[in-house]
Amino acid sequence: MDSEPESHSNKPAAKRKVIVITDGDQIARKSVETAARQVGARVISRSAGNPSPLYAKQLVKLVLKAKHDPVIVMFDDNGDEWEGVGEKTLLDFIRHPAIEVIGAIAVAANTTIGLGTKVDFSLDRDGNMVYDGVNKDGYPLGLKRPVIVGDTVDVLRKLNVPIVVGMGDIGKMQGNDAYYKGAPITTAAIMEILKRSGFDASYSNEYGHPAE
């Protein structure tokens, strides 16, 4: 059991390192949990839902209780093409002083409304890194610029997230990211964020913790 910090200490608590994902349906949850087990991350499974079922303060409390970093949190607008509850919760969550977001996975959706968000790169349906946006099925858009359009991604443009990875619909892409196949695309996206954030990828083999 983790001990509580001593009350007389003036040392500020370390921020929790978090990866945020702009998808949260039950299929995505299974793939995110599968990927997290493979890389040694924790998942706030209660963050899954259509739309996101918890407020930012509730999510922060759950993150602070997680046994170790990194912690993965999901946000979903349930197809709301404008700024919905998932985006509002994500905005409040990322701005919380106890949270350090080390990266985000921006998930494409079937929408043409919204400016989308610029990503550092995308992973296509086969796990290839492409300097382009991808659609919900993981096919490159041929835009020659890495932009993801989805129902929960626009808010990322307002935030200073150090690494943003684009990908198609988590757990789907016509079965290519299915949890029973090991969620290979989601796993690769998380691993890229960990690697670029300075996490030693070898540590992922030391853990196998279930989701929170």
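Just above sits the structure.
The notes below deal with the structure included here. (Residues numbered from 1 in each chain as written. Predicted model: local features only at pLDDT ≥ 70, side-chain atom pairs only at ≥ 80, totals over all residues. Heavy atoms only, no water.)

## Concerning the packing of aromatic side chains
- Taken as a whole and assessed by the stated rule, the structure comprises two aromatic pairs.
- Summarising the aromatic geometry, the rings of Phe-75 and Phe-93 are spaced 5.5 Å apart at their centres and angled 55° between planes, so their arrangement reads as tilted. Of this pair, Phe-75 sits in the loop between β3 (71-74) and α3 (85-94) while Phe-93 sits in helix α3, and the two are 18 residues apart along the sequence. For the residue pair Phe-75 and Phe-93, the accessibility class agrees, reading buried in each case. (Phe/Tyr/Trp six-rings, centres within 6.5 Å; stacked < 30°, edge-to-face > 60°. Helix = DSSP H or I, 4+ residues; strand = E, 2+ residues; numbered from the N terminus. Buried < 20%, exposed > 50% of the residue type's maximum accessible area, 1.4 Å probe, protein only.)

## Quick word on a positive patch on the surface
- A cluster of basic residues, Arg-46, Lys-57, Lys-61 and Lys-65, forms a positive patch at the surface.
- Within the secondary structure, Lys-57 is located in helix α2 (residues 56-65). (Patch = residues over 30% accessible without salt bridge, like charges linked within 9 Å, V, L, I, M, F, W, Y side chains within 5 Å. Areas by Shrake-Rupley, 256 points an atom, 1.4 Å probe, with all protein chains shown as cover. Salt bridge = Lys/Arg side-chain N within 4 Å of Asp/Glu carboxyl O. Lys, Arg positive; Asp, Glu negative; His and termini not counted. Charge placed at Lys NZ, Arg CZ, Asp CG, Glu CD.)

## Concerning the packing of helix α1 (residues 26-39) against helix α4 (residues 184-196)
- Contact pair α1 / α4: the axes reach a minimum separation of 9 Å and the direction vectors enclose 50°. When the axes of α1 and α4 are compared, the pair comes out oblique. Handedness of the crossing formed by α1 with α4: right-handed. Along the contact surface, α1 presents Ser-31, Val-32, Ala-35, Gln-38 and Val-39, while α4 presents Thr-186, Thr-187, Ile-190, Met-191 and Leu-194.
- Residues of the contact of α1 with α4, tallied by class, amount to six nonpolar, four polar and no charged. (Axes fitted to C-alpha atoms, helices over the stretch in contact; angles between N-to-C directions. Parallel < 35°, antiparallel > 145°, perpendicular 65-115°, else oblique. Left-handed = near helix turned anticlockwise from the far one by under 90°. Contact = heavy atoms within 4.5 Å. Nonpolar A, V, L, I, M, F, W, Y, C, P; charged D, E, K, R; others polar.)

## Regarding the sheet that holds strand β4 (residues 99-107)
- The seven strands are arranged β2-β3-β1-β4-β9-β6-β7 in an open sheet whose pairing can be described as mixed. Looking at the sheet topology across the chains shown, the edges are occupied by β2 (42-43) and β7 (129-130).
- Packed on one face of the sheet, α1 meets β1 (16-21), β2 and β3 and runs near 170° to β3. (Pairing = 2+ DSSP bridges.)

## So, the nonpolar core
- Core analysis: the biggest nonpolar cluster contains 33 residues, and Val-18, Val-20, Val-63, Val-73, Phe-93, Ile-94 and Val-161 have the highest contact counts within it.
- Mapped onto this core, the elements with two or more residues apiece are β1, α2, β3, α3 and β4.
- For this core, the element with the highest residue contribution is α2, accounting for five residues.
- Not counting residues within four places of it along the chain, the set of residues in contact with Val-20 comprises Val-73, Phe-75, Leu-90, Phe-93, Ile-94, Val-101, Gly-103, Ala-104 and Ile-105.
- Within the second largest apolar cluster, 28 residues are counted, among which are Ala-35, Val-39, Leu-123 and Ile-193. (Core = buried A, V, L, I, M, F, W, Y, C linked by side-chain atoms within 4.5 Å.)

## Focus: the packing of α2 against α3
- Contact geometry for α2 and α3: axes closest at 8 Å, N-to-C directions at 50°. Accordingly, the angle class assigned to the pair α2 and α3 is oblique. Relative to α3, α2 is oriented so that their crossing is right-handed. Contacts between α2 and α3 involve Ala-56, Leu-59, Val-60 and Val-63 from the former and Thr-89, Asp-92 and Phe-93 from the latter.
- Tallied by class, the residues present in the contact of α2 with α3 amount to five nonpolar, one polar and one charged.

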